[in-house]
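Take a look at the letters that make up each chain.
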Amino acid sequence: MTALADVSSHAISRARWRAGEIAFWILALACAFLFPSRYLIMTDIVRLALFALSLDLILGYAGIVSLGHAAFFGVGAYSAGLMALHGVIGEPVIALVAAGLVAMALGFLTSFLVIRGVDLTRLMVTLGIALLLEALAERFSDITGGTDGLQGIEIAPLLGWFAFDMFGKTGFFYSLTVLFALFLLARRIVHSPFGLSLRAIRNNPLRAAAVGVPVSRRLIAAYTLAAFYAGIAGALFTQTTALASLDVFSFERSADLMLVLVLGGTGYLYGGLIGAVVFKMLQELFSTITPQYWQFWIGLVLVVIVLVGRVRLHRWVLWLPNLVIRQLTGRKVAVPESDAP
């Protein structure tokens, strides 16, 4: 009984909102007013953050590596595009959820293949699934539009009132709202007994099974949930850009996602969000300076992170915010322990 009480107390303490978390979301909302001409790039960051959050749920918490997470992103994107193109579901919010459920179904069906192997096997299986779906999308071009993608997508006004404009204002607030809602759900999940069991499986699957954790069922549930999140991210992409092409299944999309988590860290939900911001800012900066070699500079940043250590870099970056928050509240922004090199 004491051990159970200790676990409950630990989970409750970790689930409390900290000053740094509140400041993060206030800053995210403030960006809409600070940079009114940058709605499109900020919407892209929000979509990538949600996509990275979906991968972190399985990589950072369940220990499932994936090089084909774009499979669920692409299914969500095409599902939302086809529903809008053929008028199956007019309301974007309902279509968003429906697209996420389609990706979730795919995640559940493929999870039985993914959980059977170890890291290298999982990499190959997830990559193979994404490549297979890309080939199928190209094969059935009469449905998907092939290499040209879906043409003539028109997204109805959000809730019947807010039309998607060319400047991306509606798309940004819509995407940010969806990200925040799904983040709250993910935060609740990872701090629940289910989330604690996932961490136990990631650290030592044999020990987790020995104490009674149903390892396979937990991994299937986590993988299915991550597929739902990725499908929502893909549907947001189609709804905010009115585009859906074979690029949504590309290996580069999955690889960029891994880079985002390398930059931001895994095992805590803000890693994907921070990594998305850093990745897009670096991409914007380096592509402006050297359009042909921006990938080289991002690779150099990754080497520096490996050599110096992400926690040490976080301490340097958070030194000033820590100082301000400590003066105002007496607290500081903590670097996650799970992100230690």
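This section reports on the structure supplied with the text. (Residues numbered from 1 in each chain as written. Predicted model: local features only at pLDDT ≥ 70, side-chain atom pairs only at ≥ 80, totals over all residues. Heavy atoms only, no water.)

1. Structural notes on the environment of Leu120
Alright, step 1. Along the chain, the position of Leu120 falls in helix H6 (residues 119-139).
Alright, step 2. A relative accessible area of 60% means that Leu120 is categorised as exposed.
Alright, step 3. Separated by 55 residues in sequence, Leu120 and Val65 place their C-alpha atoms 8.4 Å apart. (Helix = DSSP H or I, 4+ residues; strand = E, 2+ residues; numbered from the N terminus. Buried < 20%, exposed > 50% of the residue type's maximum accessible area, 1.4 Å probe, protein only.)

2. Focus on the nonpolar core
Alright, step 1. With 95 residues, the main nonpolar core has Leu50, Leu57, Val178, Tyr229 and Leu269 as its most contacted residues.
Alright, step 2. Per-element accounting of this core gives the leading share, 16 residues, to helix H11 (residues 215-241).
Alright, step 3. Every residue in contact with Leu269, bar those within four places of it in the chain, is listed here: Leu53, Asp56, Leu57, Tyr61, Phe183, Ala186, Arg187 and Val190. (Core = buried A, V, L, I, M, F, W, Y, C linked by side-chain atoms within 4.5 Å. Contact = heavy atoms within 4.5 Å.)

3. Some thoughts on a nonpolar patch on the surface
Alright, step 1. Side chains of Tyr293, Phe296, Trp297, Leu300, Val303, Val304 and Leu307 sit close together on the surface and give an oily, nonpolar patch of about 720 Å² of accessible area.
Alright, step 2. Mapped onto the elements of the fold, Leu300 is located in helix H14 (residues 294-308).
Alright, step 3. What makes Leu300 partly exposed here is its relative accessible area of 39%. (Patch = residues over 30% accessible without salt bridge, like charges linked within 9 Å, V, L, I, M, F, W, Y side chains within 5 Å. Areas by Shrake-Rupley, 256 points an atom, 1.4 Å probe, with all protein chains shown as cover. Salt bridge = Lys/Arg side-chain N within 4 Å of Asp/Glu carboxyl O.)

4. Observations concerning the layout of surface pockets
Alright, step 1. One number sums up the size of the second largest pocket: a volume of about 270 Å³.
Alright, step 2. The residue makeup of the lining of the second largest pocket, split by class, is 6 nonpolar, 2 polar and 7 charged. (1 Å grid on protein atoms, 1.4 Å probe; cavity = no way out; pocket = protein on both sides within 12 Å on 5 of 7 lines; lining within 4 Å. Points joined across faces, edges and corners; volume = space filled by probe spheres on them. Nonpolar A, V, L, I, M, F, W, Y, C, P; charged D, E, K, R; others polar.)

5. Side note on the packing of aromatic side chains
What characterises a pair of aromatic rings is the spacing of the ring centres plus the angle enclosed by the ring planes.
Alright, step 1. Enumeration over the complete set of coordinates arrives at 15 aromatic pairs.
Alright, step 2. Centroid distance Trp25 to Phe180: 4.9 Å. Interplanar angle 70°. Geometry classified as edge-to-face. Placement of the pair is Trp25 in helix H2 (residues 19-34) and Phe180 in helix H8 (residues 169-190), with a sequence separation of 155 residues.
Alright, step 3. Between the aromatic rings of Tyr39 and Phe172, the centroid separation amounts to 5.9 Å while the plane-to-plane angle is 45°, which identifies the pairing as tilted. (Phe/Tyr/Trp six-rings, centres within 6.5 Å; stacked < 30°, edge-to-face > 60°.)

6. Quick look at empty space enclosed by the protein
Alright, step 1. Evaluated as defined, the whole model comprises 1 cavity of 30 Å³ or more.
Alright, step 2. The space that makes up the largest cavity amounts to roughly 40 Å³.
Alright, step 3. Leu57, Tyr61, Ile189, Val190, Phe194, Leu198, Ala222 and Leu225 together form the lining of the largest cavity.
Alright, step 4. When residues of the lining of the largest cavity are traced back to their parent elements, those giving at least two are H8, helix H9 (193-203) and H11.
Alright, step 5. In the lining of the largest cavity, the residues fall into 8 nonpolar, no polar and no charged.

7. Considerations on the pattern of salt bridges
Alright, step 1. Within this structure, the stated rule accounts for 5 salt bridges.
Alright, step 2. Between Glu284 and Arg38 there is a salt bridge, with its nearest N and O atoms 3.0 Å apart. Separated by 246 residues along the polypeptide, Glu284 in helix H13 (residues 270-289) and Arg38 in the loop between H2 and helix H3 (39-59) bring together distant segments of the chain.
Alright, step 3. Taking relative accessible area as the criterion, Glu284 reaches 34% and is therefore assigned partly exposed.
Alright, step 4. For Arg38, a relative accessible area of 38% corresponds to the partly exposed category.
Alright, step 5. Here Asp247 ties to Arg253 by a salt bridge, and the two come within 2.6 Å at their closest N and O atoms.
Alright, step 6. By relative accessible area, Asp247 is classed as partly exposed at 42%.
Alright, step 7. With relative accessibility at 19%, the residue Arg253 sits in the buried group.
Alright, step 8. Connected through shared salt-bridge partners, Asp44, Arg47 and Lys280 make up one network.

Shape descriptors only; they carry no functional weight alone.
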